[in-house]
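Per-entry structural report
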Amino acid sequence: MISTHQLTKLFYDKQRGEIRAADAVTLEVRPGQIYGLLGANGAGKTTVMRLLATLIAPTSGSAEVAGHDIVREPGAVRSRVGFLAASTALYGRLTAREMVTYFGELNGLSRPEVKVRLERLATELDMHEFLDRRCEGLSTGMKQKTSIARTLVHDPAVMIFDEPTLGLDVTTSRAIVRFVQECRARGKTVIYSTHMMHEVEKLCDRIGVIHGGRLMAEGTLAELRQRTGEQDMEEVFVKIIGQGGLS
Amino acid sequence: MNLKNISVVYRKELRDLLRDRRTLRSMILVPLVVMPLMMQGMFRLTRTVTTNAMAEVPTVQILGGEDSPGVVSRLKSDPKLRIEPATDDWKQRIADKKIRAAVKIPDHFDSDLRNGTGNQVTIYNYEGEIRSGFAVTELDGFFRKLSDEVVRKRLEVRGLSPSLIKPFATVRENVAPPAKVAGNRIGGLVPYVIVILCFVGAIYPAIDLTAGEKERGTMETLLCSPVARTEIVAGKFLMVLTSALAAVAIACISMTLSFQLSGPKSAGGAAELGLTHVDPAGVVGVVILILPVAVLFSAVLLTLGLWARNHREALTYMQPFMFIILMPAIIGMMPGIELNSRYALVPILNLSLACKEMLSGVWHWHLLVLIFASLSAYAVIALSVAVRMFNRESVVFRT
């Protein structure tokens, strides 16, 4: 479960002054649900995701992830979260096996536990062929599988995806989308940020449209279509941010 | 702080870095091969240059002396001098190193010697040039010998003993123990080498584990783990420290072996430097003082690397730092600067001066305690700055 209340993050830039990267964001994501955070580049998606993953601290407001407060219990939050982003890379000089084992150990698992989980993940994700190859020599698809195994090794209850398909080819993107759907099927709480409309249509149970750090509208795809009177997701999005939000 | 987490981070960093060619080069190859080669090369070169210069018969010009054939002919017959006919551009020829020196014989030199009238010989040289220096030494020796001969003859004529003008002789003899002589000779050089090795050993891991991770995008991946940032920075710091100390240790072992294998008679051997006489207790003292210095370096380099956005930016921050730390090491090598309570508080300079004393067998315990305490305090401050930096979002996500 994820719930945020008036979550706000301010940055200060020498040229632009104060920037409200996340502005009083309130949302809720339940287990077995995929919440899509839709926004253009610079809308504040990554800031919200990093706040939820406790990579950065909020300026004001609060949030709970898997029952733990992101400010008071950041370690507990991170141990229950799997975070996958376009910016979360792999250690090139480690093998896929070493990479997953490292993050298993960082999550407090013992070596035998990691071994069992890695074996299961490698079978599920079809990783056996490249498990002992260094990450720097893997193809994009293999790297993505390794990243997925890295996020799942400690079996987190909450999955945070920050534009995970950014820059990937169609085949790899489809694999990621399938993986996100599997997470929902396993009852995990999933929040997924993207600027790609078709991914939102395909994946998300609820959608939040973010612009200038503010959550402009929220609802199911059908609700947003009904409120804007548009069918095409792109038109829905443009109308929401153009109107400054829907009540 | 969870030690298991620190150990997990440390072991991963160690494995990762041991697969990195750049780190291997700075941590193992440079101290193992390059440093001993450089030291050996430097000593061999110095010795060869000095030996060759000493073996050369210096070419000099005699200016004047047309009315003094006696002294001119003695100069010409001296096998340690090669006389070149005088030319008008003799000054230029000295400056161009075509001749090593010139000697001006005053008018009536021979007759003045016979008559007992005082006179003055002038030697012209190239100040600071080693071969010109040797020529001056030869000429000085020639005229001192001539002067002694003349004085002896004059005393003989008057029936007087040579001891009349030389009532006693002076002899120099070293009474300082070989350890002190050796310590004094190499004490200034040791910290200089250590500072460079510590720096070389720490710089690449410090960059790779911080700015390198930011650049490659693995920093964010690492921060997603539940391990506290203090534990992450501790693991990384220990890795940088390991590399710095490993570089120093490998270099020391390698240089000792290379000196021993090349033998004491080889050019620039250990015996010649006095290394075989170094006080072992002094070596232990140096090792103890290196620890806080290595901690200080590792923490500072880690902080600079963390602040930088990428590898290149990290290097631009660290290169000036190299000069900042070398300055006190160089000052410490200067003659006349002695360890006192004020210098004991200046990092690197205190190490430099203390090394010189400890290797000479001099132990100012109160100053050594002050040095260790101050270096440890600086190291703790630098480490706490590194931890604080790692906890700052504006630094960790500064890309």
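Values in this document were obtained by computation on a predicted structure and should not be read as measured data.

**What about the overall build of chain B?**
Looking only at helices and strands, chain B has 17 helices and four strands in total. Over its C-alpha atoms chain B spans a radius of gyration of 30 Å, topping by over 25% the 21 Å that the globule rule assigns to 399 residues. Counting only C-alpha atoms and orienting by the principal axes, one finds that chain B spans roughly 100 × 45 × 40 Å. Within the span of chain B, comprising 399 residues, buried residues form 38% of the whole.

**Focus: the domain arrangement of chain B**
In terms of domains, chain B is made up of domain 1 (3-40 + 178-396) and domain 2 (58-164). Computed over C-alpha atoms only, the centres of domain 1 of chain B and domain 2 of chain B are separated by 54 Å.

**Some words on the sheet that holds strand β2 (residues 82-84) of chain B**
Residues and elements named next belong to chain B. Across the sheet, four strands lie side by side as β2-β1-β3-β4; this open sheet has mixed pairing. The open sheet terminates on both sides in strands that have one partner only, identified here as β2 and β4 (122-125). Each strand of the sheet is rotated relative to its neighbour by a mean of 30 degrees, with strand direction disregarded. Both strand β1 (residues 59-64) and β2 contribute to a ladder of three bridges, which runs parallel. By the bridge assignment, Gln 61 is partnered in β2 with Glu 84.

**Topic: the domain arrangement of chain A**
All names here are of chain A. Considered domain by domain, chain A is made up of domain 1 (2-80 + 157-242) and domain 2 (90-155). Just the C-alpha atoms count here: the centres of domain 1 and domain 2 sit 26 Å apart. On the domain 2 side, the residues contacting the nine residues of domain 1 number eight residues. Residue composition of the side of domain 1 that touches domain 2, grouped by class: five nonpolar, three polar and one charged.

**Details of the interface of chain A and chain B**
Contacts between the two partners involve 21 residues from chain A and, on the opposite side, 18 residues from chain B. For the side of chain A that touches chain B, the elements supplying multiple residues, two or more each, are α2 (74-79), β6 (81-85) and α3 (96-106) of chain A. Considering every element that reaches the side of chain A that touches chain B, the biggest residue donor is α3 of chain A, with four residues. Residue classes in the side of chain A that touches chain B are distributed as twelve nonpolar, six polar and three charged.

**Thoughts on the nonpolar core**
By size, the foremost hydrophobic cluster in this structure holds 153 residues, and its most contacted members are Leu 52 of chain A together with Cys 198 of chain B. Residue contributions to this core peak at 15 residues, all from helix α11 (residues 229-262) of chain B. Val 60, Phe 109, Ala 135 and Val 136 of chain B belong to the second largest nonpolar core, which has 17 residues in total.

**Some details on the sheet that holds strand β9 (residues 206-211) of chain A**
Residue and element names in this part refer to chain A. Spatial strand order, β6-β7-β8-β3-β9-β10: six strands in an open sheet with mixed pairing. The open sheet has two edge strands, β6 and β10 (214-219), and neither has a second partner. Mean inter-strand twist for the sheet, computed between neighbouring axes without regard to direction, equals 15 degrees. By the bridge criterion, five bridges tie strand β3 (residues 34-38) to strand β8 (residues 189-194) in an arrangement that is parallel. In the sheet register, Tyr 35 faces β8, and the bridge partner there is Ile 191.

**Structural notes on the pairing of strand β3 (residues 101-105) of chain B**
Residues and elements named next belong to chain B. Most of β3 is tucked away, with four of its five residues classed as buried. The pairing of β1 with β3 spans five bridges and is classified as parallel. The residue bridging Ile 62 from the neighbouring strand is Val 103, located in β3. Sheet analysis places β3 next to β4, joined by four bridges and oriented antiparallel. Bridging across to β4, Val 103 finds its partner in Ile 123.

**Digging into the confidence of the model for chain B**
Residue and element names in this part refer to chain B. Taken over all residues, the pLDDT of chain B has a mean of 85, while the share at 70 or more is 92%. Low pLDDT (under 50) marks residues 265-269, which in the prediction has twelve contacts with non-local residues, meaning those over four places away or in another chain. Reported for the predicted complex are a pTM of 0.80 and an ipTM of 0.90.

**With respect to the packing of helix α2 (residues 21-55) of chain B against helix α8 (residues 189-208) of chain B**
All names here are of chain B. As a packed pair, α2 and α8 sit with axes 8 Å apart at the nearest point and diverge in direction by 165 degrees. Compared by their axis directions, α2 and α8 come out roughly antiparallel. As α2 runs across α8, the sense of the crossing is right-handed. The residues of α8 that touch α2, namely those facing Arg 22, Thr 23, Ser 26, Met 27, Val 30, Pro 31 and Met 35, are Leu 197, Val 200, Gly 201, Ile 203, Tyr 204, Pro 205 and Asp 208. Considered class by class, the residues forming the contact of α2 with α8 number nine nonpolar, three polar and two charged.

Here is what the cut-offs are and how they apply
- Residues numbered from 1 in each chain as written.
- Chains lettered and ligands numbered in written order.
- Predicted model: local features only at pLDDT ≥ 70, side-chain atom pairs only at ≥ 80, totals over all residues.
- Helix = DSSP H or I, 4+ residues; strand = E, 2+ residues; numbered from the N terminus.
- Rg over C-alpha atoms; globule rule 2.2 N^0.38 Å.
- Buried ≥ 20, exposed ≤ 12 C-beta atoms within 10 Å, placed from the backbone.
- Domains from an automatic or database assignment.
- Pairing = 2+ DSSP bridges.
- Axes fitted to C-alpha atoms, helices over the stretch in contact; angles between N-to-C directions.
- Contact = placed C-beta atoms within 7 Å.
- Nonpolar A, V, L, I, M, F, W, Y, C, P; charged D, E, K, R; others polar.
- Core = buried A, V, L, I, M, F, W, Y, C linked by C-beta atoms within 7 Å.
- pLDDT = per-residue confidence, 0-100.
- Parallel < 35°, antiparallel > 145°, perpendicular 65-115°, else oblique.
- Left-handed = near helix turned anticlockwise from the far one by under 90°.

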